[in-house]
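A closer look at the structure
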Amino acid sequence: MDGNGEPRDWSVKKSSKLYQIKGWGEPYFRINEHGHVEVRPDPTEDRSIDLYELTKQLTERGLDLPLLIRFPNILQDRLRLLNECFGRAIREYGYDGTYRGVFPVKVNQQRHLVEEIVESGRPWRFGLEAGSKPELLVTLAAMEDEDGFIICNGYKDLAYMETALVAQGFDNTVVVVLERVEELALAFRASEKLGIRPCLGVRAKLSSKGIGRWADSAGDRAKFGLSMSEMVHVVDELEERGMLDCLKLLHFHLGSQVSSIIPVKNAMREAGQIYVELTKMGCEMGFLDVGGGLAVDYDGSKTDFRGSMNYDLQEYAYDVVAGIQEACEKASVKPPTIVSESGRSIAAYQSVLVFDALGVDRVDFEDPQNPSAEDHRILKEFYETWKGIQPKNVQESWHDAQQSLEEARSLFKFGYLGMRELARAEHLFWSCCEKILRSMRRLKYVPEELHAVEELMGAIYYCNFSLFQSAPDIWAMDQLFPFMPIHRLTEEPTVRARLADLTCDSDGIVDHFIDVEEVQHSLDLHAVKDGEEYLLGMFLGGAYQEILGDLHNLFGDTNAVHVRLEDYGYSVANVIKGDSIDEVLRYLQYDPEEMVERVRKQAERALNQGRMTLPQLRTFMLHYEESLRGYTYLKGDA
Ligand SMILES: *Cc1c(COP(=O)(O)O)cnc(C)c1O
């Protein structure tokens, strides 16, 4: 009901449009008829899980919010999609080679996730990419199958090199990619010592650049990669040692989240040419690894805006295949196995962070009371303004409301209006703002000056999560993730708000949200009802966020759980309890037992000196010890 007692027409359809869930969420997320977000972990089947109901069931199992829910079926589907898109491109273009992707584990090294990728990637002989020595150890243990595929990138020392070389003996294809010329000497040393012929790749520093935040991952000034002259040097050195057959792969990486397809096309042309040249120089070759960069459409706008992408997976696959094919055909070179290292695109969709709003910094306005005959003129006028607000007069009403408030304040200053009356005038002002705001939403065009009302009315919802732990990229680089309530979507959201996290850092606030054009500075939310929970979800955070998260204010890892579709519904597995406070503290070299002793000593002293009672001491010690064992986040009943 709105202020005039008319029922507001709102629907799931309107919520879908408002939160653009079709744009960023298809085919995995949508809103069901109960107004709850629904997850379709396997879009090839028409089965879905109600995210709100699921969350309730998980919290009943003792898994407190914030809770990271992972859907392995989504991961599987992303893998399938990527492989099928390349498969289709190869078929349709009659490309005389295959596709064999790898998952760069740095995107999310979670054991269950990596194992899931190996497991469901088997039909396509999908591989893994390591970007460091610890990651190499992870990939070697994960790739148990014979005929596995591992790409070794990143800085290497002798131990890294030797480990990678020996691992070829596991009947895996383990390619050591030279990122810097210095690594060639390392490869020779390891190879001589072990008597193993290395399987090498070179990372090219392309002149074609990516776009956006990571554009400098390629180009002349890139941190990694070999320039043309360095590559020629490598080939000469290999030739001198009769090892041209050892160079098998050409790699490049344009940077992450390449939002436009143009740089991809350009890079393919350049890389295709380098590949052909290396072959002509006598290198064995056989693989062209196009790196990562395949973007995710976080805002669903399908544009080349930084949080979006102006192409889809199929177009990407077509362009990669076509680029290589063209270069090879012209030079009559056998087309290579195409490798891609898409991390973000595979991992982003598989998890949802569900958290609760703990409070709102704005009172919810009840409709103002009808002034009586004795009330001051200004209150009567104000009330009339409020009553008359409708979409066609919002601008005029805004002017009237501002003027009435100003007048009321000066009447107060001169003693013509009491404090209770001024309070009523202020209440009327906010009620007007609220009604203007609601009417504005019905307008196609909102006059510029009315954006001030939005700012004024912007609430802050205090939320039970840490941005630094669960979405560090929001803070580090203004990355956009879709946020939305996961229930009450049959109701019209009436509050525009920013989301503040639990940290005491003023950067711990989400004030950039996805929009069809550019970004919005607040999110449409529902008024929180007394004693009722309000649950929100952050979506598409499955890539990078989990591993980049930090312990700001000592908020640790969140609880996490895997939910998998089964014939009978779904199963809950791999429950990973988030960090407890003592775990986080031990990580920082504190000794929780000793801490307990220390505070106990102080409490005993206070007791002896009569500054504390025994029941107080007991309460304190109970809380202290229980908190140490507990979750770092707040309990919903706080
Ligand atoms: C980070 C990285 C990737 C993954 O990039 P996405 O954009 O997440 O697909 C792939 N290859 C290399 C060398 C990387 O450094």
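Just so it is clear, the model here is predicted, and its values are computed rather than measured.

1. Some words on the overall build of the chain
A count of helical and extended segments in the chain gives 22 helices and 23 strands. Each principal axis of the C-alpha atoms in the chain carries an extent, and together these give about 105 × 70 × 50 Å. Expressed as a percentage of the 638 residues in the chain, the buried residues total 55%. Across the chain, contacts joining residues at least 24 apart in sequence account for 75% of those joining residues at least 6 apart. With the model as given, the accessible surface of the chain reaches about 28,900 Å², and the carbon-plus-sulfur share is 49%.

2. Describing the domain arrangement of the chain
Domain assignment breaks the chain into domain 1 (87–351), domain 2 (377–454) and domain 3 (591–629). Relative to domain 3, the C-alpha centre of domain 1 lies at a distance of 57 Å.

3. Quick word on the sheet that holds strand β12 (residues 337–339)
If you walk across this open sheet you meet the 8 strands as β5-β6-β7-β8-β9-β10-β11-β12, and the pairing is parallel. Since the sheet does not close on itself, it has two edges, and those belong to β5 (102–104) and β12, each with one partner. For this sheet the average axis-to-axis angle between neighbouring strands, irrespective of direction, equals 25 degrees. In terms of strand pairing, strand β7 (residues 149–152) meets strand β8 (residues 173–178) through 4 bridges, oriented parallel. Each residue of the ladder has a partner; that of Ile 150, found in β8, is Val 174. Helix α10 (residues 261–280) contacts β9 (200–203), β10 (247–251) and β11 (287–289) of the sheet and is inclined by roughly 165 degrees relative to β10.

4. Examining the packing of helix α21 (residues 592–608) against helix α22 (residues 614–629)
For the pair α21 and α22, the least separation of the axes is 10 Å and the interaxial angle reads 170 degrees. Taken together, the axis directions place α21 and α22 in an arrangement best described as roughly antiparallel. Residue-level inspection shows Pro 592, Met 595, Val 596, Val 599, Arg 600, Ala 603, Glu 604 and Leu 607 of α21 in contact with α22, the latter providing Leu 614, Leu 617, Phe 620, Met 621, Tyr 624, Glu 625 and Leu 628. Grouping the amino acids of the contact of α21 with α22 by side-chain chemistry returns 12 nonpolar, no polar and 3 charged.

5. Examining the nonpolar core
Formed by 154 residues in total, the largest nonpolar core has its most connected members in Leu 51 and Leu 499. Those residues in contact with Leu 51 that sit more than four places away from it in its chain are Val 37, Glu 38, Val 39, Ile 69, Phe 71, Val 352, Val 354, Ile 486 and Phe 539. Judged by nonpolar contacts, the second largest core, of 26 residues, contains Phe 382, Tyr 383, Cys 432 and Cys 433.

6. Quick word on the sheet that holds strand β3 (residues 49–50)
Taking strand neighbours across the sheet as the criterion, the 3 strands line up as β1-β2-β3 in an open arrangement whose pairing is antiparallel. Across the chains shown, the open sheet's two edge strands, defined by having one partner strand only, are β1 (29–31) and β3. Relative to strand β2 (residues 37–39), β1 runs antiparallel, the two sharing 3 bridges. Each bridged residue has a counterpart across the sheet, and for Phe 29 the counterpart in β2 is Val 39.

7. Points about the state of the cysteines
What makes a disulfide is a covalent bond joining the sulfur atoms belonging to two cysteines. Here the structure, examined in full by the defined rule, presents 0 disulfides. Unpaired in terms of disulfides, Cys 199 finds its nearest cysteine sulfur in Cys 246, a separation of 8.1 Å. Residue classification places Cys 199 among the buried positions, given a relative accessible area of 8%. Take Cys 283: it sits in no disulfide, and the sulfur closest to it among the cysteines is that of Cys 246, at 10 Å. The exposure class assigned to Cys 283 is buried, which follows from its relative accessible area of 4%.

8. Re the site of the ligand
Of all residues adjacent to the ligand, which total 17 residues, the nearest are Lys 106, Ser 256, Glu 341, Gly 343 and Tyr 544. Interatomic distance of 2.5 Å between a side-chain N/O atom of Ser 256 and an oxygen atom of the ligand. One of the backbone nitrogen or oxygen atoms of Gly 293 is found 2.9 Å away from an oxygen atom of the ligand. Contact with the protein chains hides 91% of the accessible area of the ligand, taken as 390 Å² for the molecule alone. Across the shell around the ligand, the residue classes tally to 3 nonpolar, 9 polar and 5 charged.

Conventions and cut-offs
- Residues numbered from 1 in each chain as written.
- Predicted model: local features only at pLDDT ≥ 70, side-chain atom pairs only at ≥ 80, totals over all residues.
- Heavy atoms only, no water.
- Helix = DSSP H or I, 4+ residues; strand = E, 2+ residues; numbered from the N terminus.
- Buried < 20%, exposed > 50% of the residue type's maximum accessible area, 1.4 Å probe, protein only.
- Contact = heavy atoms within 4.5 Å.
- Areas by Shrake-Rupley, 256 points an atom, 1.4 Å probe, with all protein chains shown as cover.
- Domains from an automatic or database assignment.
- Pairing = 2+ DSSP bridges.
- Axes fitted to C-alpha atoms, helices over the stretch in contact; angles between N-to-C directions.
- Parallel < 35°, antiparallel > 145°, perpendicular 65-115°, else oblique.
- Nonpolar A, V, L, I, M, F, W, Y, C, P; charged D, E, K, R; others polar.
- Core = buried A, V, L, I, M, F, W, Y, C linked by side-chain atoms within 4.5 Å.
- Disulfide = S-S within 2.5 Å.
- Near = heavy atom within 4 Å.
- Polar contact = N/O pair within 3.5 Å; in protein donor to acceptor, adjacent residues only side chain to side chain.

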